[in-house]
Amino acid sequence: MPSNWQRLKSDRRAAHVAFVALGLLLAAAPFLVGASLGNGWVRILDFVLLYIMLALGLNIVVGYAGLLDLGYVAFYAVGAYLYALLASPHFGLHLPVWLILPLGALVAGLFGMMLGAPTLRLRGDYLAIVTLGFGEIIRIFLNNLNAPVNITNGPQGISMIDPLGAGGISLSQSFELFGMQVPGIYAIYYLFLALALLIVFISLRLQDSRIGRAWVAIREDEVAAEAMGINTRNIKLLAFAMGASFGGISGGLFAGFQGFVSPESFNLMESIMILCMVVLGGMGHIPGVILGAILLTVLPEALRYIGPLQEALFGRVVVDPADLRMLIFGLALIVVMIFRPAGLWPSKTRRREFSSEAEVPEQEALYDAKR
Amino acid sequence: MDIFLQQLINGLVLGSVYALIALGYTMVYGILELINFAHGEVVMIGAMVTLAVVNMLMASGVDIPGIMIVATGLLVAIAVCMALGFAIERIAYRPLRKAPRLAPLITAIGVSIVLQNVAMIIWGRQYISFPPILPMTRHDIGGAGITDLQIFIFVLALVLMAGLVLLVKKTRIGRAMRATAQAPEIAGLMGVNVNAVISFTFILGSALAAVAGLMVSAYYGIAHYYMGFLLGLKAFTAAVLGGIGNIAGAMLGGLLLGVIESMAAGYIGDITGGFLGSHYQDVFAFFVLIGVLVFRPSGLLGERVAERA
């Protein structure tokens, strides 16, 4: 594998071929999946893309800037509810999608700043727990803001949300292509793919930018970063706002895709799941995070097949597959972290840090510079 | 009835349970600087095991008083939780002691998910009710009521906390715990078996969690496989409120949080003119948490810790 990798990096033609192949694969993916596994899996594919966007958003906060955020789902919720309120019969508003999505990003970004401003002095675990509290506060308010003025419709949530689409064309409806009826989830796939690629692109550009390097500097050593002239407060706020706005866009897409939002979709488990995608894949490393998002979205779905598998093995269903599913998921989290604490696909520098941390200390003791 | 006194009593009783759980968080954090996210689930397992044993004894028709039945259940639960605490540390945390800080957090989440689902598979998704075998006589104090159970919970919690303080301050193992919390490597050089101390800390915290599990399920009359999560979260809030890593802080934080919560639940309707109801009760814990962290990040009794990278 490594040699192939290097060839891709040095040989431009091989790189071009690989690039085109990847593009074709991405373009054909829903039809391949739909033909082999059924349309249910195309829907899962849509969710994979949605979670990639979310994970990359959280990656900015956790992976680049090193700020542990356990309430990320709050921004997802803000985006989703904004879409739901502005495009559903609930208030009788039906604003166009191209207006709501950027608005969702903006509002979620503002919420990110709101959360960031008072908490930036905190670090590590304290920050984690405050963000967790913030996420829960948002959820509890969504749950209870149906009285005395009905804003969020409480636990029932908001339904009949306008589908994604523009100019009277809805993407969720099936359309005809070469004489075949194609369900809307295929069109949604291409919309999500385009936006996910855009977010990947932004993440890549951010990583190598002045801001991206400032984030990494803060992650590695905040005091040193400040001494180098980085305005740590503003840069950290920016990380929060940027990550939150990605979450806001994803939330809007989720609302339009599902046609229904309720507070239940935005519980802490969801935040934890997104965080697991980032950490399990490899913090701060875009391909790793994408891998994490794919695995953690597909794994619970794939584990639904435990039921039939049990029947094949034991002749009957021994344990309810829905119960077993999350159990195996939890075990997988533990096992992966024990054997690959830096994540499944960490960036090169991080992998180096890890191997050196384990081996070098004995040598370093020979000349201890600290004394 | 005097609302203020009543809410104060309810708050103190609930707070003493929070304090017991918070101790588990704070002791582990003091030594390993790790949020033991799975601690709330240990409380849940404690409650579930107690109830399982109690229901089994009741069904078998043995003729012993209710308190003895509950005590038997509690002893079994304590044993199970101690073993569980030991296993969790051994499997999920010890291999990752040198890993980056987020890695043990993820395994802790994994352990939580596993425990929740194991409990769900064994005991099902439904709420399990606590059989009415404990004395529930109401006493009247100055217009407010307090039940035998509430008195029992409060007193037992205080006794356990006092015992814990004695253990940490006066015994050999307690001294080893404090030494390990201050400087694990130096403690090791001084002949303290650091690994044993860490295991002991987990076992101790889990035993307290088992007792807390019994208290919560007896107090609310139900247990559920998902109960550990919110409980753990609030107890952690209590630990942070008091200053995490500080044992007295966890007790103070737990009691305070309980009182704040029940006061807020009792009065919020009046204060906001009915705009916000008592179902916002759970929010206060988090507002308190954010408030404390913003104005006094080290908690009420915590010392300012030097910043670590």
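Residues numbered from 1 in each chain as written. Chains lettered and ligands numbered in written order. Predicted model: local features only at pLDDT ≥ 70, side-chain atom pairs only at ≥ 80, totals over all residues.

Take the overall build of chain A next. When helices and strands are tallied, chain A shows 16 helices and six strands. Within the span of chain A, comprising 371 residues, buried residues form 44% of the whole. Restricting to contacts in chain A with at least 6 residues of sequence separation, those with at least 24 account for 72%. (Helix = DSSP H or I, 4+ residues; strand = E, 2+ residues; numbered from the N terminus. Buried ≥ 20, exposed ≤ 12 C-beta atoms within 10 Å, placed from the backbone. Contact = placed C-beta atoms within 7 Å.)

A few words on the interface of chain A and chain B. Accessible area lost upon the coming together of the parts serves often as the stated size of an interface. Taken together, the 34 residues of chain A in the interface contact 34 residues of chain B. Going through the elements one at a time, α5 (97-119), α6 (124-144), α11 (268-281) and α14 (321-339) of chain A are the ones with two or more residues in the side of chain A that touches chain B. Residues belonging to the side of chain A that touches chain B are distributed by class as follows: 24 nonpolar, five polar and five charged. (Nonpolar A, V, L, I, M, F, W, Y, C, P; charged D, E, K, R; others polar.)

This next bit is on the confidence of the model for chain A. Residues and elements named next belong to chain A. On average, residues of chain A score 83 in pLDDT, and 86% of them reach the 70 mark or higher. At the level of individual helices and strands, chain A shows its lowest average pLDDT in helix α16 (residues 361-364), which scores 41, and its highest in helix α4 (residues 73-86), which scores 95. In this model residues 356-371 is a low-confidence stretch, pLDDT under 50, and it forms zero contacts with partners more than four residues away in sequence or in other chains. (pLDDT = per-residue confidence, 0-100.)

Turning our attention to the nonpolar core. A:A55, A:C276, A:M277, B:A19 and B:L289 are the most contacted members of the largest nonpolar core, which has 214 residues in total. Among the elements that take part in this core, helix α1 (residues 3-32) of chain B stands out by supplying 17 residues, more than any other. The contacts of A:M277, once residues within four sequence positions are left out, are A:Y51, A:A55, A:V289, A:G292, A:A293 and A:L296. (Core = buried A, V, L, I, M, F, W, Y, C linked by C-beta atoms within 7 Å.)

Along the chain, the position of A:A117 falls in helix α5. Spatially, the C-alpha atoms of A:A117 and A:R233 are 8.4 Å apart, while their sequence positions differ by 116 residues.

The backbone of A:N153 sits at a positive phi, close to 65°, despite the residue not being glycine. On the basis of neighbour count, A:N153 is assigned to the buried category, with 20 C-beta atoms found within 10 Å.

This part covers helix α9 (residues 227-242) of chain B. Residue and element names in this part refer to chain B. A rise of 1.5 Å per residue sets the reference length of α9, with its 16 residues, at 22 Å; its end C-alpha atoms lie 23 Å apart and thus fit the reference within 8%. Here α9 lies mainly inside the structure; 14 of its 16 residues are buried. Positive phi shows up at G243, right after α9, with a value of about 105°. (Expected span 1.5 Å × (residues − 1).)

This part takes up the pairing of strand β3 (residues 144-147) of chain B. All names here are of chain B. Across four bridges, strand β2 (residues 138-141) lies against β3 in antiparallel orientation. Looking at β3, one finds that I141 is bridged to A144. Counting the residues that bridge the hairpin from β2 to β3 gives two residues, and of these G142 lies at a positive phi of roughly 50°. (Pairing = 2+ DSSP bridges.)

It is worth spelling out the environment of A:W215 at this point. Residue and element names in this part refer to chain A. Mapped onto the fold, W215 is located in helix α8 (residues 210-220). Once the C-alpha coordinates of W215 and G63 are considered, the two residues, 152 residues apart in sequence, prove to be 9.2 Å apart. Ignoring anything within four residues of it in the chain, the contact list for W215 reads Y64, A65, I235 and A239.

Here we take up the packing of helix α2 (residues 12-37) of chain A against helix α3 (residues 39-64) of chain A. Residues and elements named next belong to chain A. Look at α2 against α3: their axes get within 7 Å of each other, and the N-to-C directions meet at 145°. Viewed along their axes, α2 and α3 form a crossing whose handedness is right-handed. Side by side, α2 and α3 meet where A29, P30, V33, G34 and L37 of the first sit next to N39, W41, V42 and L45 of the second. Grouping the constituent residues of the contact of α2 with α3 by class yields seven nonpolar, two polar and no charged. (Axes fitted to C-alpha atoms, helices over the stretch in contact; angles between N-to-C directions. Left-handed = near helix turned anticlockwise from the far one by under 90°.)

Looking now at helix α5 (residues 148-170) of chain B. Residue and element names in this part refer to chain B. When the terminal C-alpha atoms of α5 are compared, their 32 Å separation across 23 residues agrees well with the 33 Å that a helix rising 1.5 Å per residue should span. Of all the residues in α5, the buried ones are Q150, I153, F154, A157, M161 and L164. Turning to α5, the residues buried within the fold contact α1, β3, α8 (194-220) and α10 (247-271).

All names here are of chain B. Mapped onto the secondary structure, F229 falls in helix α9. By the C-beta count within 10 Å, which is 19 here, F229 ends up partly exposed. The spatial distance from the C-alpha of F229 to the C-alpha of A38 is 8.6 Å, given a sequence separation of 191 residues.

Reading predicted coordinates in detail is not appropriate for stretches of low pLDDT. Residues and elements named next belong to chain B. On average, chain B scores 87 in pLDDT, and the residues at 70 or more come to 95%. Model confidence for chain B, summarised as mean pLDDT per element, is weakest for helix α11 (residues 281-295) at 78 and strongest for α8 at 95. The model gives residues 305-309 a pLDDT under 50, and that stretch makes two contacts with residues more than four places away or in other chains. For this predicted complex, the interface score ipTM comes out at 0.83, while the overall pTM is 0.82.

This next bit is on the packing of helix α2 (residues 39-60) of chain B against helix α4 (residues 102-123) of chain B. Residues and elements named next belong to chain B. The contact between α2 and α4 brings their axes to 9 Å, and the two run at 20°. In terms of orientation, α2 lies roughly parallel with respect to α4. Crossing handedness for the pair α2 and α4: left-handed. Every residue of α4 that contacts α2 at E41, M44, I45 and M48 is listed here: S112, L115, Q116, A119 and W123. Its residues assigned to classes, the contact of α2 with α4 shows six nonpolar, two polar and one charged. (Parallel < 35°, antiparallel > 145°, perpendicular 65-115°, else oblique.)

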